[in-house]
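Okay, here's what each chain looks like letter by letter:
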Amino acid sequence: MAKPLVYNATLVERVDLTDALCLYRILPDERPAPGWFTPGQYCVLGANNEVKPELGSVRRSMSIASAPEDGGPIEFYIRYVGKPESDNPLTHLLWKLKNGDRMYMRPVAAGVFTVKDTVGVDDPRLRVMVAAGTGSAPFVSMVRSELRRNPKADLSQWVLLHGASYAADLGYRDELNRLVAEHGLRYWGTVSRPKDSPGWHGDVGRVEQFFAPDRLGDLEARLGLPPGGFTSKSAVIFICGLQGTIGTTITNLCARGFVPDHKRMREALGVAAEQPATLFYEQYDTEPVIDIKNPDVVAPLAAQLAAALKSL
Ligand SMILES: Cc1cc2nc3c(=O)[nH]c(=O)nc-3n(C[C@H](O)[C@H](O)[C@H](O)COP(=O)(O)OP(=O)(O)OC[C@H]3O[C@@H](n4cnc5c(N)ncnc54)[C@H](O)[C@@H]3O)c2cc1C
C-alpha cells in the first residue's frame, strides 16, 4: 500500500465537459519558477483514498495542457477510466473532488515529448500532432505557448488531428477552431461513432485512419501538398494517446519514410543509428505499440520504411 501523500495543491476549478472528461485547474501551494516546464511535458497528480484508507494513495502521470507562460493554475485534461486496472484508480478519486479540495501535485515536470527535445524548435517541417481522447493535452499546451509568446503567431506549421468517440468528446474544439480562424492552425476533429453524434458534419473514423493509404491523398490536398508529398521530408509526427492510435499510425506511415524514435522499434525495423527520427509518441497505456518480436509484423514494415527512405 502506497503511504499517504502530503497534500500540496488545491483544485481551484474543475470543468466537466462530459460525464467522463474533465478539465482540472490545480494550484500548487508553492508556485514553481517561471518556465518550470516545456509544452509536451507531464507531471504527477495524486490523492489519498479517504473512503477506503486501507488502499492508501495513488499517483499517476498527467500531461500538462496549460502553457508555461500562463500564470495561475496548471490545467489537465483527464478521462475517467471506466474499467480501471488497479484497485485504487486515481481517476475515481479525482472525480469525487470539488472546487477548493486539496490534493497532491508534484511540481516537477518530466518527459521529452517536446519540440525542443525531438526535432528542435527551428525545424521547418509541418508538425503533425495526432491525438486520441485526452492525448490532445500536450498539443494544446504547445499551441497555447506559441500564442502566449507571440499573440500574432502564425500557426500554419501546426496540424492537429484529434479523434474521439463522440463529437462532445472533442475537448478544446471551440478554442482550437478560433486558432484555425485567427492563426491558421490546421485542425480536424474526427468522430468514430458519428451515429451517436447528431449534428456532426466533420470527419468520421478513428484518428489514425487519416493516414490509411486510401486517405492520405485527401490529407495531402488539405495540407497543400502534392500527391505523395506527405513524407518525413515535409512533416514530422507527434502522437499522443493509447496503443491502438500509436501502433496504427506507425504502421500506416512506414511507407512514407517516418522513422520512429523508439530505440527497440528502430532496431527491429533495421533503421541505421544515424537516421534521424521523425515520429515521436507519448503513450498513456502500457500495451506494446507494435509486436516487434513478430517477424510477420515487422518484416513488411521494415521493407516499406527502407524503400521510402531510399526514395526520399
Ligand atoms: C506520460 C503520461 C501522461 C498521461 N497524461 C494523461 C492525461 O493528460 N490525461 C489522461 O486522462 N490520462 C493521462 N495519462 C494516463 C494516466 O496516467 C492514468 O493511466 C489514467 O488516468 C488511469 O489511471 P487510473 O489510476 O484512474 O486507472 P488504473 O486502474 O490505474 O488504470 C491504469 C490503466 O488505465 C489505462 N488507461 C490509461 N489512460 C486511459 C484512457 N485515457 N482511456 C482508457 N484507458 C486508459 C491504461 O491501460 C493504464 O495502464 C497519462 C499517462 C502517461 C504515462
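Residues numbered from 1 in each chain as written. Predicted model: local features only at pLDDT ≥ 70, side-chain atom pairs only at ≥ 80, totals over all residues.

### Considering the overall build of the protein
(1) Moving on: Helices and strands together make up the secondary structure of the protein, namely seven helices and 12 strands.
(2) Moving on: What you see for the protein is a C-alpha radius of gyration of 20 Å, in line with the 20 Å of a compact globule of 312 residues.
(3) Moving on: Contacts spanning at least 24 positions in sequence make up 71% of the contacts within the protein whose residues lie at least 6 apart. (Helix = DSSP H or I, 4+ residues; strand = E, 2+ residues; numbered from the N terminus. Rg over C-alpha atoms; globule rule 2.2 N^0.38 Å. Contact = placed C-beta atoms within 7 Å.)

### What to know about helix 5 (residues 243-253)
(1) Moving on: Listed in full, the buried residues belonging to helix 5 are Thr245, Ile246, Gly247, Thr248, Thr249, Ile250 and Leu253.
(2) Moving on: Buried-residue contacts for helix 5 involve strand 7 (126-132), strand 8 (158-164), strand 11 (235-241) and strand 12 (279-283). (Buried ≥ 20, exposed ≤ 12 C-beta atoms within 10 Å, placed from the backbone.)

### Some points on the nonpolar core
(1) Moving on: By size, the foremost hydrophobic cluster in this structure holds 75 residues, and its most contacted members are Phe76, Met129, Leu160 and Ile237.
(2) Moving on: Among the elements that line this core, the one with the most residues is strand 11, at six residues.
(3) Moving on: When we break this core down by domain, the ones giving at least three residues each are domain 1 (9-105) and domain 2 (126-311).
(4) Moving on: Dropping the residues within four chain positions of it, Ile237 is found in contact with Val128, Val130, Thr249, Leu253, Phe258, Thr278 and Leu279. (Core = buried A, V, L, I, M, F, W, Y, C linked by C-beta atoms within 7 Å. Domains from an automatic or database assignment.)

### Observations concerning the domain arrangement of the protein
(1) Moving on: Per the domain assignment, the segments making up the protein are domain 1 (9-105) and domain 2 (126-311).
(2) Moving on: Every contact between the two is made by 17 residues of domain 1 and, on the other side, 15 residues of domain 2.
(3) Moving on: If you tally residues by element for the side of domain 1 that touches domain 2, the top one is strand 5 (residues 74-79), at four residues.
(4) Moving on: Partitioning the side of domain 1 that touches domain 2 into residue classes produces 10 nonpolar, four polar and three charged. (Nonpolar A, V, L, I, M, F, W, Y, C, P; charged D, E, K, R; others polar.)

### Concerning the sheet that holds strand 10 (residues 203-204)
(1) Moving on: Spatially, 10-9-8-7-11-12 is the arrangement adopted by the six strands of the open sheet, whose pairing is parallel. Two strands in the sheet have a free side with no partner beyond their single neighbour: strand 10 and strand 12.
(2) Moving on: Two elements, strand 7 and strand 8, share six bridges in a ladder whose sense is parallel. Of the residues in strand 8, the one forming a bridge with Val130 is Leu161. (Pairing = 2+ DSSP bridges.)

### Let's talk about the sheet that holds strand 2 (residues 21-28)
The pairing of strands in a sheet happens through backbone hydrogen bonds and is either parallel or antiparallel.
(1) Moving on: Taken together, the six strands give an open sheet; going across it, the order is 4-3-6-1-2-5, and neighbouring strands pair in antiparallel fashion. Sheet topology places strand 4 (57-63) and strand 5 at the edges, where each strand pairs with a single neighbour. Direction aside, the axes of adjacent strands within the sheet are offset by 40° on average.
(2) Moving on: Bridge count between strand 3 (residues 42-48) and strand 4: seven bridges; the pairing is antiparallel. Among the inter-strand pairings, Gly46 is bridged to a residue of strand 4, identified as Arg59. (Axes fitted to C-alpha atoms, helices over the stretch in contact; angles between N-to-C directions.)

### Looking at the pairing of strand 1 (residues 9-16)
(1) Moving on: Direction of pairing for strand 1 relative to strand 2: antiparallel, over a ladder of seven bridges. In the sheet register, Ala9 faces strand 2, and the bridge partner there is Pro28.
(2) Moving on: Following strand 1, the chain reverses through four residues before pairing antiparallel with strand 2.
(3) Moving on: As paired strands, strand 1 and strand 6 (residues 102-105) are joined by two bridges and run antiparallel to one another.

### Quick word on the site of the ligand
(1) Moving on: Around the ligand lies a shell of 25 residues, among which Ser63, Pro84, Pro89, Thr91 and Asp285 are the nearest.
(2) Moving on: For the shell around the ligand, the residue count by class is 12 nonpolar, eight polar and five charged.
(3) Moving on: The residues that make up the shell around the ligand include at least three from each of domain 1 (9-105) and domain 2 (126-311). (Near = placed C-beta within 6 Å.)

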